[in-house]
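Here's the letter readout for the chains.
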Amino acid sequence: MSSSLPQGTYNTLIQRSIDLLQLYRQAASTCEPGLKVVLGENAQTLDAMIIDLQTQLRASGGTPRQYGTLLGKARRYLAGSLVKVAAHRDVAWIRELADSESGLLHAFEKVVAALPPESALALRRQLPRLNSIRLDMDNLAGTAP
């Protein structure tokens, strides 16, 4: 990781990723079995990405965040409450996850675009993972009634 990348930037992305990971886990715990498998795979992908980011930050002498944000916790609570009253709970989870994943992907893209190419290399390597999750969620959202 380049020293020109501030620790705060990595930690912000790590925390947002942890927030999304926890949302995936919450959704997977309440969804039907087939959807649970897809959400579990996406959670594993996010978990691996978070570990990579934390390792890169630690290797550069930084202290990576281990937890999500209070806002992420509040969003999970709100999403869980809204899904409980939704007519189609799985569809509601898919839409919430798709929206959250889109926000995380855009946050990564924004940081990558703002940094010099050599500084953004480590983050750019995470984009295929996020794009893969995004495609899954877009496909699921497109098939939802």
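What comes next is a walk through the structure. (Residues numbered from 1 in each chain as written. Predicted model: local features only at pLDDT ≥ 70, side-chain atom pairs only at ≥ 80, totals over all residues. Heavy atoms only, no water.)

1. Overview of the side chain of asparagine 11
Step number 1: Structurally, asparagine 11 can be placed in helix 1 (residues 7–28).
Step number 2: Of the residues examined, asparagine 11 reaches a relative accessible area of 3% and is grouped as buried.
Step number 3: Sequence-distant contacts of asparagine 11, defined by excluding residues within four places in its chain, comprise Leu57, Thr63, Pro64 and Arg65. (Helix = DSSP H or I, 4+ residues; strand = E, 2+ residues; numbered from the N terminus. Buried < 20%, exposed > 50% of the residue type's maximum accessible area, 1.4 Å probe, protein only. Contact = heavy atoms within 4.5 Å.)

2. Overview of the nonpolar core
Step number 1: Ranked by internal contacts, the top residues of the largest apolar core, which has 40 residues, are Tyr24, Leu39, Leu46, Leu97, Phe108, Leu123 and Met137.
Step number 2: Among the elements of the structure, helix 1, helix 2 (33–59), helix 3 (70–84), helix 4 (89–114), helix 5 (117–124) and helix 6 (127–143) are those that each provide at least two residues to this core. (Core = buried A, V, L, I, M, F, W, Y, C linked by side-chain atoms within 4.5 Å.)

3. What about the environment of arginine 124?
Step number 1: Note on placement: arginine 124 falls in helix 5.
Step number 2: It is 9.5 Å that separates the C-alpha atoms of arginine 124 and alanine 113, two residues lying eleven residues apart in sequence.

4. Regarding the pattern of salt bridges
Step number 1: Within this structure, the stated rule accounts for five salt bridges.
Step number 2: The partner of glutamate 96 in a salt bridge is arginine 75, with the nearest N and O atoms 2.9 Å apart. Highlighted residues: glutamate 96 in helix 4 and arginine 75 in helix 3, separated in sequence by 21 residues.
Step number 3: Arginine 134 serves as the salt-bridge partner of aspartate 138, at 3.0 Å between the closest nitrogen and oxygen. A residue pair is termed a helical-turn pair when its members lie 3 or 4 positions apart in one helix, as aspartate 138 and arginine 134 do in helix 6 at four residues. (Salt bridge = Lys/Arg side-chain N within 4 Å of Asp/Glu carboxyl O.)

5. Comments concerning the packing of helix 1 against helix 2
Step number 1: Interaxial distance between helix 1 and helix 2 falls to 9 Å at its minimum, and their mutual angle equals 160 degrees. Between helix 1 and helix 2, the angle falls in the class roughly antiparallel. In this structure, helix 1 crosses over helix 2, and the sense of that crossing is left-handed. Contact residues: helix 1 offers Gln7, Tyr10, Asn11, Ile14, Ser17, Ile18, Leu20, Leu21, Tyr24, Arg25, Ala27 and Ala28, while helix 2 offers Lys36, Leu39, Asn42, Ala43, Leu46, Asp47, Met49, Ile50, Leu53, Gln54, Gln56 and Leu57.
Step number 2: Of the residues contributing to the contact of helix 1 with helix 2, the split by class is 15 nonpolar, six polar and three charged. (Axes fitted to C-alpha atoms, helices over the stretch in contact; angles between N-to-C directions. Parallel < 35°, antiparallel > 145°, perpendicular 65-115°, else oblique. Left-handed = near helix turned anticlockwise from the far one by under 90°. Nonpolar A, V, L, I, M, F, W, Y, C, P; charged D, E, K, R; others polar.)

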